[in-house]
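# Fold and geometry: a report
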Number of protein chains: 2
Amino acid sequence: MSDSFFQVIARHQPKEGQLETVLELLAELTAATRTEPGCLSFEYFRNVENPDEIVIVECFVDAAGFAAHREAEHFTRIGVEQIAPLLQARSSSKAVATVV
Amino acid sequence: MSDSFFQVIARHQPKEGQLETVLELLAELTAATRTEPGCLSFEYFRNVENPDEIVIVECFVDAAGFAAHREAEHFTRIGVEQIAPLLQARSSSKAVATVV
């Protein structure tokens, strides 16, 4: 693996009562995303200080790997069509990271 | 803020029965670390797929900011002397990240 990668940190705040459903859908999205050739890792966490916030740390080989993720059938079917409508807030940051 | 920063992702696996104590100590370490001039953010999460794993995402202005964190009194007192003995496994990765 190269010493640099494309990293996305996404934050999802589910609507009231939707946390468990969002976590179940994220498990599906995670399994599918990990099969993408451009995906290095994809993990999702609960913020201990704010348990309603889910934090997803996504690493791709490069920007093209992330672009391919956004174009994947499972991203549209699970991320866009099923998860997004259950969120009251979301944000993300993207960076190119070089291992030191 | 500059468009690049120094990022550490640390993983802690507490010894059996020590998870809650480690989380309490991390709350203390987090509050102290956020007062460091070189700290941009410091957050700790539970891994949904592996709830025994705590993941800490730390962002500093630069490598010197991270070095200052490691030299801080609270890092030694809480991180080294109190948290480390309660862990059965730990790892970390470091990267210079450039926002895109």
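Everything in this summary refers to the structure shown in the same document. (Residues numbered from 1 in each chain as written. Chains lettered and ligands numbered in written order. Predicted model: local features only at pLDDT ≥ 70, side-chain atom pairs only at ≥ 80, totals over all residues. Heavy atoms only, no water.)

Next up on the list: the packing of helix α1 (residues 19-33) of chain B against helix α3 (residues 73-83) of chain B. Residues and elements named next belong to chain B. With their axes 10 Å apart at the nearest point, α1 and α3 run at an angle of 165° to one another. With respect to their mutual orientation, α1 and α3 come out roughly antiparallel. Once α1 is placed against α3, the crossing between them reads as left-handed. Where α1 abuts α3, its residues Val22, Leu25, Leu26, Glu28, Leu29, Ala32 and Thr33 lie against His74, Phe75, Arg77, Ile78, Gly79, Gln82 and Ile83. For the contact of α1 with α3, the residue count by class is eight nonpolar, four polar and two charged. (Axes fitted to C-alpha atoms, helices over the stretch in contact; angles between N-to-C directions. Helix = DSSP H or I, 4+ residues; strand = E, 2+ residues; numbered from the N terminus. Parallel < 35°, antiparallel > 145°, perpendicular 65-115°, else oblique. Left-handed = near helix turned anticlockwise from the far one by under 90°. Contact = heavy atoms within 4.5 Å. Nonpolar A, V, L, I, M, F, W, Y, C, P; charged D, E, K, R; others polar.)

Now for the relation of the copies chain B and chain A. For these two chains of identical sequence, chain B goes onto chain A by a turn of 180° and a shift of 0.0 Å along the axis, with RMSD 0.0 Å. On the angle and the small slide along the axis, the relation comes out as a two-fold axis. Relative to the rotation axis, the closest C-alpha in chain B is found at Ala97 of chain B, a distance of 2.0 Å. Of the residues that chain B buries at the interface, 100% are likewise interface residues in chain A, meaning the two copies contact each other through the same surface. (Least-squares fit on C-alpha atoms with pLDDT ≥ 70 in both.)

Glancing now at the packing of aromatic side chains. Under the definition given, this model contains five aromatic pairs over all chains. Taking the centre distance of 5.4 Å and the plane angle of 20° together, the rings of Phe6 of chain A and Phe66 of chain A count as stacked. Of this pair, Phe6 of chain A sits in strand β1 (residues 4-14) while Phe66 of chain A sits in helix α2 (residues 63-71), and the two are 60 residues apart along the sequence. The same class applies to Phe6 of chain A and to Phe66 of chain A, which are both buried. Ring geometry for Phe60 of chain B against Phe66 of chain B: centres 5.5 Å apart, planes inclined by 55°, an arrangement best described as tilted. Since its relative accessible area comes to 0%, Phe60 of chain B is described here as buried. Every member of this aromatic cluster is reached through a ring pair, and the members are Phe6, Phe60 and Phe66 of chain A. (Phe/Tyr/Trp six-rings, centres within 6.5 Å; stacked < 30°, edge-to-face > 60°. Buried < 20%, exposed > 50% of the residue type's maximum accessible area, 1.4 Å probe, protein only.)

Let us now look at the pattern of salt bridges. When charged atoms on two side chains of opposite charge get close, those side chains can pair. Counting across every chain of the model gives eight salt bridges over all chains. Here Glu43 of chain B and Arg11 of chain A are joined by a salt bridge, their closest N and O atoms 2.6 Å apart. Of this pair, Glu43 of chain B sits in strand β2 (residues 39-47) while Arg11 of chain A sits in strand β1, placing the two residues on different chains. Using a relative accessible area of 15% as the deciding quantity, one classes Glu43 of chain B as buried. Residue Arg11 of chain A is classed as partly exposed on the basis of its relative accessible area of 22%. Across the salt bridge formed by Glu73 of chain B and Arg77 of chain B, the nearest N and O atoms sit 2.5 Å from each other. In this pair, Glu73 of chain B and Arg77 of chain B both sit in helix α3, four residues apart, roughly one turn of the helix. (Salt bridge = Lys/Arg side-chain N within 4 Å of Asp/Glu carboxyl O.)

Attention now moves to the interface of chain B and chain A. The partner chain A presents 23 residues to the 23 residues of chain B that form the contact. Interface of chain B and chain A: buried area, both sides summed, is about 1,900 Å²; carbon and sulfur atoms make up 57% of it. On the chain B side of the contact with chain A, Phe45, Val48 and Glu49 of chain B bury the most area, a combined 27% of that side's loss. At the junction of chain B with chain A, the criterion picks out four salt bridges. Remark: the boundary between chain B and chain A carries twelve residue pairs in polar contact (both at pLDDT 80 or more). Elements with a contribution of two residues or more to the side of chain B that touches chain A: β1 (4-14), α1, β2, β3 (50-60) and β4 (87-99) of chain B. The element contributing the most residues to the side of chain B that touches chain A is β4 of chain B, with six residues. (Buried area = accessible area lost by both parts, 1.4 Å probe. Polar contact = N/O pair within 3.5 Å; in protein donor to acceptor, adjacent residues only side chain to side chain.)

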